[in-house]
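What follows is the residue order along each chain.
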Amino acid sequence: MGRGWGLRVASGAVILFLYFPITIIFLYAFTTEAAAFTFPPPALTTRWFGVAADNPAIWEALRLSLTVAAITTAIALVFGSLMAAAVYRTRFFGREAISFLVVLPIALPGIVTGIALRSSIAILDVPFSLWTIVIGHATFTVVIVYNNVLARFRRMSPSLVEASMDLGASGWQTFRHILLPNLGTALLAGGLLAFALSFDEIIVTTFTAGQQQTLPIWIFSSLFRPRARPVTNVVAIMVVLVTAIPILLAARLARGESGGRIGARPTAGPGGGAQ
Amino acid sequence: MAVATETIPIARRVSAFLYRHPGIKLVLLLSPGLALLGVIYGGSLAALLLQSLYRLEEFTGLIVRDVSLDTLGQLTDRAHLDIIARTTAMAAAVTIGCAVVAFPLAYYMAKFASPRMKTLLYLLVLMPLWSNYLVRVISWKLILAQEGIFNWFVDKLALDGVLRWALGAPMIGGPSISQSFLGMWIVFVYTWLPFMILPLSAALERVPDSLTDASGDLGARPPMTFRKVILPLALPGLIAGSIFTFSLTLGDFIIPSVIGNSTFFIGPFVLLQQGTAGNLPLAAAMSLVPLAIMTLYLLGARRAGAFEAL
């Protein structure tokens with residue numbers, strides 16, 4: 001097992017490489033230096049948290065990010081499940097094209113999606129607004145819900161719905177008592193991931209936001225300001241925490257699902273389709 | 001029950017109607033998604049093409065909406081070709097770096113880890129993929145800073161000479177690690193690493209143990225087994241991972257803006273042209289480059305059978 005041992009050490013090193021940098025940002029949210037990142041930090045302080053809390057621009061950006069993420073999640077949930085239902089239940093001309101269309105926004109480099117949306121905004125003279133950001137986010141989050149719900153539909157017997165209707169339940173009752181309980185965790189996992197993805201997004205948002213600042217955009221622009229640098233780190237920590245919670249919850253919900261549907265993003269690559 | 005009797009007939013009639021007319025039901029189910037992805041997103045891709053055919057009037061700074069190949073032709077200017085070549089070279093170097101760093105962990109996950117360990121590692125690799133990548137890039141800005149932890153380690157381990165030698169090298173070097181292509185490469189490799197680990201580990205899982213055992217029994221030493229047996233069988237996974245590392249590097253503008261000197265890569269160039277430079281047609285034309293490169297790449301990858309490993 002000599003070789004297994006060496007491999008174990010190397011694997012540990014790779015995991016360390018993946019996680020070590022994140023810890024650094026936590027450390028530098030507490031440094032006393034305003035403009036440099038000396039290691040080890042000369043002293044630690046919590047004053048940057050107060051500075052961040054007193055900055056109205058940060059609160060404004062947080063509010064915008066949360067609003068966008070909430071609306072995006074709602075759209076992704078509805079559109080994604082409807083499309084999954086259509087693709088699952090019926091065979092029709094162009095069904096394969098739909099699977100392709102759904103993954104396209106995450107298969108193409110983000111900058112292509114961003115500049116494409118920016119081009120139509122320019123050509124149609126649409127003013128930048130909350131909705132231009134939301135539409136951009138909706139394009140690449142629909143696939144997350146779609147994949148999750150489609151996977152669940154495939155494990156669910158179609159006769160359940162028919163039996164319910166045969167026994168006299170209304171469409172609403174069937175939806176409420178049969179579909180929703182069965183799809184519940186898939187919807188929740190998909191919704192949480194869509195929320196995290198939207199809350200985090202910066203590439204596409206840069207092109208669809210105009211002058212508005214979401215939290216990631218605020219962080220990005222603050223990188224080029226020389227003053228009070230640890231404030232950026234404080235906000236970054238906040239973003240990590242806000243997104244880590246839904247992701248971990250979704251991973252828990254998706255456990256046991258074939259292949260772990262949280263993997264939808266890395267596996268839904270170009271041409272990978274939502275098989 | 002008594003409450004519901006009022007509404008049931010209508011709801012019933014609607015569901016019965018939809019049951020009898022699956023075509024209408026299908027249209028209703030698909031139309032919101034198709035409106036978003038087909039009309040808005042598909043239309044935007046068309047707008048992207050159209051925009052790249054417009055051009056900027058130099059003197060007035062206005063965009064002329066005449067269709068011509070002028071803007072696309074500008075891509076063959078020396079400066080623009082340099083940007084494309086530099087970005088493509090970086091994408092290739094990042095892909096190789098990711099493959100090398102990902103291999104041990106992917107192999108361990110596929111062949112040695114217990115099922116429990118595998119689940120844990122899978123989650124550990126997946127987490128950074130979903131968490132904010134801007135934050136992960138910023139953490140590297142802190143690490144690579146002049147007085148930061150990277151240089152502290154280099155100093156403590158007395159590796160200054162090695163670092164100075166590496167930074168002095170043509171092409172990859174620079175005045176400091178955070179302003180060099182070397183630093184940028186490290187951050188790219190770090191950021192896209194999970195995209196390589198996952199498909200690679202999936203491909204390695206499918207390499208039968210009997211083959212590596214047989215290779216060993218027939219007298220091949222581990223390096224030879226690796227080269228002749230494991231690597232060829234893992235190739236589809238490597239290619240699948242490389243699709244992500246390559247595509248993401250080509251289109252990124254965050255990392256080249258935060259790390260590195262201000263030499264242009266495709267991403268920051270597109271950002272500047274559509275923003276302060278006000279030349280959206282040129283930005284659109286340039287963003288067609290990663291699209292074209294990835295299309296070629298995907299056609300090649302499909303021939304190599306990489307899609308089965310996705």
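Criteria and cut-off values
- Residues numbered from 1 in each chain as written.
- Chains lettered and ligands numbered in written order.
- Predicted model: local features only at pLDDT ≥ 70, side-chain atom pairs only at ≥ 80, totals over all residues.
- Heavy atoms only, no water.
- Helix = DSSP H or I, 4+ residues; strand = E, 2+ residues; numbered from the N terminus.
- Rg over C-alpha atoms; globule rule 2.2 N^0.38 Å.
- Buried < 20%, exposed > 50% of the residue type's maximum accessible area, 1.4 Å probe, protein only.
- Contact = heavy atoms within 4.5 Å.
- Areas by Shrake-Rupley, 256 points an atom, 1.4 Å probe, with all protein chains shown as cover.
- Lys, Arg positive; Asp, Glu negative; His and termini not counted.
- Charge placed at Lys NZ, Arg CZ, Asp CG, Glu CD.
- pLDDT = per-residue confidence, 0-100.
- Phe/Tyr/Trp six-rings, centres within 6.5 Å; stacked < 30°, edge-to-face > 60°.
- Lys NZ or Arg CZ within 6 Å of the ring centre and 35° of its normal.
- Buried area = accessible area lost by both parts, 1.4 Å probe.
- Salt bridge = Lys/Arg side-chain N within 4 Å of Asp/Glu carboxyl O.
- Polar contact = N/O pair within 3.5 Å; in protein donor to acceptor, adjacent residues only side chain to side chain.
- Core = buried A, V, L, I, M, F, W, Y, C linked by side-chain atoms within 4.5 Å.
- Axes fitted to C-alpha atoms, helices over the stretch in contact; angles between N-to-C directions.
- Parallel < 35°, antiparallel > 145°, perpendicular 65-115°, else oblique.
- Left-handed = near helix turned anticlockwise from the far one by under 90°.
- Nonpolar A, V, L, I, M, F, W, Y, C, P; charged D, E, K, R; others polar.
- Patch = residues over 30% accessible without salt bridge, like charges linked within 9 Å, V, L, I, M, F, W, Y side chains within 5 Å.

## Points about the overall build of chain B
Reasoning step 1: Within chain B, the regular secondary structure consists of 14 helices and 2 strands.
Reasoning step 2: Over its C-alpha trace chain B gives a radius of gyration of 26 Å, far above what one expects of a compact globule, namely 19 Å for 310 residues.
Reasoning step 3: Along the first, second and third principal axes, the C-alpha set of chain B runs to 80 × 70 × 40 Å.
Reasoning step 4: Classification of the 310 residues of chain B by burial places 49% in the buried group.
Reasoning step 5: Within chain B, contacts between residues at least 6 apart in sequence are counted, and of these 67% link residues at least 24 apart.
Reasoning step 6: Summed over all atoms, the accessible surface of chain B reaches about 14600 Å², with 68% contributed by carbon and sulfur.
Reasoning step 7: Averaging the locations of the 21 positively and 16 negatively charged side chains of chain B gives two centres separated by 10 Å.

## Things to note about the overall build of chain A
Reasoning step 1: From N to C terminus, chain A includes 12 helices and 0 strands.
Reasoning step 2: Ordered by position from the N terminus, the helices and strands of chain A form the series α-α-α-α-α-α-α-α-α-α-α-α.
Reasoning step 3: With respect to the principal axes defined by its C-alpha atoms, chain A has extents near 70 × 65 × 35 Å.
Reasoning step 4: Taking all 275 residues of chain A together, the buried fraction comes to 55%.
Reasoning step 5: Pairs at least 24 residues apart make up 71% of the contacts formed inside chain A by residues separated by at least 6 positions.
Reasoning step 6: Total accessible area on chain A is roughly 11600 Å²; 68% of this is exposed by carbon and sulfur atoms.

## Looking at the confidence of the model for chain A
Reasoning step 1: In this model, chain A carries an average pLDDT of 82, and 91% of its residues clear a pLDDT of 70 or more.
Reasoning step 2: Per-residue pLDDT stays below 50 along residues 258–275 of chain A; that stretch engages in 43 contacts with residues further than four places along the chain or on separate chains.

## As for the packing of aromatic side chains
Reasoning step 1: Enumeration over the complete set of coordinates arrives at 22 aromatic pairs over all chains.
Reasoning step 2: When the ring of Phe103 of chain B is compared with that of Phe226 of chain B, the centres are 5.1 Å apart and the planes differ by 80°; the resulting orientation is edge-to-face. Of this pair, Phe103 of chain B sits in helix H4 (residues 78–111) while Phe226 of chain B sits in helix H11 (residues 222–251), and the two are 123 residues apart along the sequence.
Reasoning step 3: Taking the relative accessible area as the measure of exposure, Phe226 of chain B reaches 33% and is therefore partly exposed.
Reasoning step 4: Measuring from ring centre to ring centre gives 6.4 Å for Phe188 of chain B and Trp192 of chain B, while their planes differ by 35°; the resulting arrangement is tilted. A residue pair is termed a helical-turn pair when its members lie 3 or 4 positions apart in one helix, as Phe188 of chain B and Trp192 of chain B do in helix H9 (residues 181–205) at 4 residues.
Reasoning step 5: When its relative accessible area of 1% is taken as the criterion, Phe188 of chain B is described as buried.
Reasoning step 6: Ring pairs connect the aromatic residues Phe103, Tyr107, Tyr108, Phe112 and Phe226 of chain B, which therefore count as one cluster.
Reasoning step 7: Just above the ring of Trp48 of chain A sits the side chain of Arg47 of chain A; from NZ or CZ to the centre is 4.2 Å.

## Some points on the interface of chain B and chain A
Reasoning step 1: Tallying the contact residues gives 85 residues for chain B and 92 residues for chain A.
Reasoning step 2: Of the roughly 8200 Å² buried between chain B and chain A, counting both surfaces, carbon and sulfur atoms make up 80%.
Reasoning step 3: Along the contact surface separating chain B from chain A lie 0 salt bridges.
Reasoning step 4: At the boundary of chain B and chain A, one finds 7 residue pairs in polar contact (both at pLDDT 80 or more).

## Some points on the nonpolar core
When a protein is soluble and globular, its nonpolar side chains tend to lie buried together.
Reasoning step 1: With 175 residues, the main nonpolar core has Ile197, Leu204, Ile254 and Met286 of chain B as its most contacted residues.
Reasoning step 2: When residues no more than four places from it in sequence are discounted, the contact partners of Ile197 of chain B are Val14 and Leu18 of chain A together with Ala102, Leu105, Ala106, Met109 and Val125 of chain B.

## Concerning the pattern of salt bridges
Reasoning step 1: Tallying each qualifying case throughout the model produces 7 salt bridges over all chains.
Reasoning step 2: For Arg63 of chain A, the salt bridge goes to Glu60 of chain A, with nearest N and O atoms at 3.0 Å. Separated by 3 residues within a single helix, Arg63 of chain A and Glu60 of chain A lie in helix H3 (residues 56–89), roughly one turn from each other.
Reasoning step 3: We classify Glu60 of chain A as partly exposed; its relative accessible area is 43%.
Reasoning step 4: Two residues, Arg55 of chain B and Glu57 of chain B, come together in a salt bridge whose shortest N-O distance is 3.8 Å.
Reasoning step 5: Exposure remark for Arg55 of chain B: the relative accessible area of 24% places this residue in the partly exposed category.
Reasoning step 6: For Glu57 of chain B, a relative accessible area of 27% translates into the label partly exposed.
Reasoning step 7: Connected via shared salt-bridge partners are Arg55, Glu57, Asp66 and Asp70 of chain B.

## Structural notes on the environment of Ser178 of chain B
Residue and element names in this part refer to chain B.
Reasoning step 1: Within the secondary structure layout, Ser178 lies in the loop between helix H8 (160–168) and H9.
Reasoning step 2: Considered as a pair, Ser178 and Lys141 are 37 residues apart in the sequence and their alpha carbons are 7.1 Å apart.
Reasoning step 3: When sequence neighbours within four positions are dropped, the list of residues in contact with Ser178 reads Leu144, Ile259 and Gly260.

## Regarding unusual backbone geometry
Reasoning step 1: In this model, Asp125 of chain A sits at a positive phi of 55°, which is unusual for a non-glycine residue.
Reasoning step 2: When you line up the elements, Asp125 of chain A lands in the loop between helix H5 (110–124) and helix H6 (130–155).

## What about the environment of Ala284 of chain B?
Reasoning step 1: Its place among the elements puts Ala284 of chain B in helix H14 (residues 280–303).
Reasoning step 2: Given a relative accessible area of 0%, Ala284 of chain B falls into the buried group.
Reasoning step 3: Taking the C-alpha atoms as reference, Ala284 of chain B lies 12 Å from Leu272 of chain B; in sequence the two are 12 residues apart.
Reasoning step 4: Contact partners of Ala284 of chain B, with chain neighbours within four places excluded, come to Ile115 and Ser119 of chain A together with Leu48, Gln51 and Ser52 of chain B.

## A look at the packing of H5 of chain A against helix H13 (residues 266–274) of chain B
Reasoning step 1: As a packed pair, H5 of chain A and H13 of chain B sit with axes 11 Å apart at the nearest point and diverge in direction by 15°. Classified by the interaxial angle, the pair formed by H5 of chain A and H13 of chain B is roughly parallel. Every pair of crossing elements has a handedness; the one defined by H5 of chain A and H13 of chain B is left-handed. Contacts from Ile111, Ile115 and Arg118 of chain A in H5 of chain A reach Gly267, Val270 and Gln274 of chain B in H13 of chain B.
Reasoning step 2: In the contact of H5 of chain A with H13 of chain B, the residues fall into 3 nonpolar, 2 polar and 1 charged.

## Some points on the confidence of the model for chain B
All names here are of chain B.
Reasoning step 1: Here chain B averages 85 in pLDDT, and 95% of its residues register 70 or above.
Reasoning step 2: Confidence scores differ between elements of chain B, with helix H1 (residues 8–20) showing the lowest mean pLDDT of 74 and H4 the highest of 93.
Reasoning step 3: As a predicted assembly, this complex carries a pTM of 0.84 together with an ipTM value of 0.80.

## Concerning the packing of H3 of chain A against helix H10 (residues 215–222) of chain A
Residue and element names in this part refer to chain A.
Reasoning step 1: Running from N to C, H3 and H10 cross one another at 140°; their axes reach a closest spacing of 7 Å. Between H3 and H10, the angle falls in the class oblique. Contact residues: H3 offers Ala57, Ile58, Ala61, Leu62 and Ser65, while H10 offers Leu215, Pro216 and Trp218.
Reasoning step 2: Looking at side-chain class alone, the contact of H3 with H10 contains 7 nonpolar, 1 polar and no charged residues.

## Focus on a nonpolar patch on the surface
Reasoning step 1: Among the surface-exposed residues, Phe153, Leu157, Leu159 and Val162 of chain B lie close enough to one another that they form a single nonpolar patch of about 370 Å² accessible area.
Reasoning step 2: Secondary-structure assignment places Val162 of chain B in helix H8.

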